[in-house]
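Okay, here's what each chain looks like letter by letter:
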Amino acid sequence: MAPNIKADYVKQWEKGRVLYGMNCAKCHSTYKGKHEIIPDFTPEKLTGYELRVQNARHESAMPDDIVSAEDLAMITIFLTYKKKN
């Protein structure tokens, strides 16, 4: 991977990590002591989250004016490439 592409990807991953913490962690993460455990989502679930069709509560809890399509893309990048549990 070219260094400039890798640097851009790392920025997107980091932004997704922050957005996950702001918008998703309260419902999806668990904690063991001080360690956050982020679930390992399947590719099918990540597509559903991106499209907001798998869980009707996401549409009301994460409408477009709070979590944009771009934000969801960054969160999906983070969840896809985070270290697996």
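In this text, all values refer to a predicted model and were calculated from it rather than measured experimentally.

Q: I'd like a rundown of the overall build of the protein chain, residues and numbers included.
A: Regarding its fold elements, the protein chain presents five helices and two strands. Listed N to C, the secondary structure of the protein chain is α-α-β-β-α-α-α in terms of helices and strands. For the protein chain, the C-alpha radius of gyration of 13 Å lies close to 12 Å, the compact-globule estimate for 85 residues. Referenced to the eigenvectors of the C-alpha coordinate spread, the extents of the protein chain come out at roughly 40 × 35 × 20 Å. For the protein chain, buried positions account for 31% of its 85 residues.

Q: Kindly report on the environment of Thr80, identifying the contributing residues and their values.
A: Following the sequence through the fold, Thr80 ends up in helix H5 (residues 69-81). Judged by its relative accessible area of 31%, Thr80 falls in the partly exposed class. Linking Thr80 and Thr30, residues 50 residues apart in sequence, is a C-alpha distance of 18 Å.

Q: Please provide a residue-by-residue account of the nonpolar core, values included.
A: With 14 residues, the main nonpolar core has Tyr20, Ile38, Val67, Ile75, Phe78 and Leu79 as its most contacted residues. Contributions of two or more residues to this core are made by helix H1 (3-23) and H5. Ranked by residues supplied to this core, first place goes to H5 with five residues. Those residues in contact with Tyr20 that lie beyond four places of it in its chain are Ala25, His28, Ser29, Glu36, Ile38, Pro39, Ile75, Phe78 and Leu79.

Q: Could you give an account of the side chain of Asp71, with specific residues and numbers?
A: Among the secondary structure elements, Asp71 is positioned in helix H5. Not counting residues within four places of it along the chain, the set of residues in contact with Asp71 comprises Lys15, Leu19 and Ile66.

What counts and how
- Residues numbered from 1 in each chain as written.
- Predicted model: local features only at pLDDT ≥ 70, side-chain atom pairs only at ≥ 80, totals over all residues.
- Heavy atoms only, no water.
- Helix = DSSP H or I, 4+ residues; strand = E, 2+ residues; numbered from the N terminus.
- Rg over C-alpha atoms; globule rule 2.2 N^0.38 Å.
- Buried < 20%, exposed > 50% of the residue type's maximum accessible area, 1.4 Å probe, protein only.
- Core = buried A, V, L, I, M, F, W, Y, C linked by side-chain atoms within 4.5 Å.
- Contact = heavy atoms within 4.5 Å.

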